Amino acid sequence: MILATMVMFGAALLINELLFKQLEFAEGINWIYLPAGVRLLATLLFAEAGAIGLLAVSWLYCFLILFPHEPVRAFAGGILASAAPYLVYLGARRWLDLQGSLANLAAWQVLACAVAYSFASPLLHHIWFALYEGRGHLLGSFAVMALGDLAGTVILLFFTKWVMRLSTPRT
């Protein structure tokens, strides 16, 4: 599950870079961010194993590509990127009775998880930006990150549902 998460997340990062690089608002903040969907899906499906896989790839991506000369920012970025979907997973287990798969969740509950994640991730990142990096005027980048995470998550969830429908034999 850890390896599957790493492969899916790495592929989503690459696909996002190829398809949506021109839609980048600021470094690491995109108007459409497909990896957000993998973050949520991996943690909802694989729990801690998903979070560990996300952390490993996030650290690799942050240390080697996004912030190679900023080790503290790269370290924190990996933790923030994997903590937010894991916190949503914990909330889904508690309040939505999430089980080993998403089968017991209605579509509105999965969408609620997507919205919660799309708020939680930018919130954690922007708290870091404000407290550690001393940035101000963060409302615009927060809004773009939230919208980009939500767009990427919804796109990925619908794509996953479509693939599952295609792979299910018709009777």
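Report on the accompanying structure. Not measured: the values here are computed from a predicted model. (Residues numbered from 1 in each chain as written. Predicted model: local features only at pLDDT ≥ 70, side-chain atom pairs only at ≥ 80, totals over all residues. Heavy atoms only, no water.)

1. Focus: the packing of helix 4 (residues 71–95) against helix 5 (residues 107–131)
Right, on to step 1. It is the contact of helix 4 with helix 5, at a shortest axis distance of 9 Å, that shows an interaxial angle of 150°. When the axis of helix 4 is compared with that of helix 5, the two are roughly antiparallel. In the packing of helix 4 onto helix 5, the handedness of the crossing is right-handed. Contacts between helix 4 and helix 5 involve Val72, Arg73, Ala76, Gly77, Leu80, Ala81, Ala83, Ala84, Pro85, Leu87, Val88 and Ala92 on the former and, on the latter, Cys113, Ala116, Tyr117, Ala120, Ser121, Leu124, His125, Trp128 and Phe129.
Right, on to step 2. Of the residues in the contact of helix 4 with helix 5, the class split is 17 nonpolar, three polar and one charged. (Axes fitted to C-alpha atoms, helices over the stretch in contact; angles between N-to-C directions. Helix = DSSP H or I, 4+ residues; strand = E, 2+ residues; numbered from the N terminus. Parallel < 35°, antiparallel > 145°, perpendicular 65-115°, else oblique. Left-handed = near helix turned anticlockwise from the far one by under 90°. Contact = heavy atoms within 4.5 Å. Nonpolar A, V, L, I, M, F, W, Y, C, P; charged D, E, K, R; others polar.)

2. Considerations on the layout of surface pockets
Right, on to step 1. In this structure, the largest pocket encloses a volume near 820 Å³.
Right, on to step 2. Taken together, 27 residues line the largest pocket, and the ones lying closest to its centre are Leu41, Leu156, Leu157, Thr160 and Lys161.
Right, on to step 3. Here the residues of the lining of the largest pocket sort into 24 nonpolar, two polar and one charged.
Right, on to step 4. Counted as a void, the second largest pocket has a volume near 180 Å³.
Right, on to step 5. Every residue lining the second largest pocket is listed: Leu13, Asn16, Glu17, Lys21, Glu24, Glu27, Gly28, Asn30, Tyr33, Tyr61, Ile65 and Leu66.
Right, on to step 6. Of all the secondary-structure elements, those providing two or more residues to the lining of the second largest pocket are helix 1 (2–20) and helix 3 (48–66).
Right, on to step 7. Its residues assigned to classes, the lining of the second largest pocket shows five nonpolar, three polar and four charged. (1 Å grid on protein atoms, 1.4 Å probe; cavity = no way out; pocket = protein on both sides within 12 Å on 5 of 7 lines; lining within 4 Å. Points joined across faces, edges and corners; volume = space filled by probe spheres on them.)

3. Quick look at empty space enclosed by the protein
Right, on to step 1. With the rule as written, the count across this model stands at one cavity of 30 Å³ or more.
Right, on to step 2. Lining the largest cavity are 24 residues; nearest its centre among them are Gly28, Leu66, Phe67, His125 and Met145.
Right, on to step 3. Taken together, the elements giving at least two residues each to the lining of the largest cavity come down to helix 1, strand 2 (29–30), helix 3, helix 4, helix 5 and helix 6 (139–167).
Right, on to step 4. Among the elements that take part in the lining of the largest cavity, helix 4 stands out by supplying six residues, more than any other.
Right, on to step 5. Here the residues of the lining of the largest cavity are counted per class, giving 14 nonpolar, six polar and four charged.

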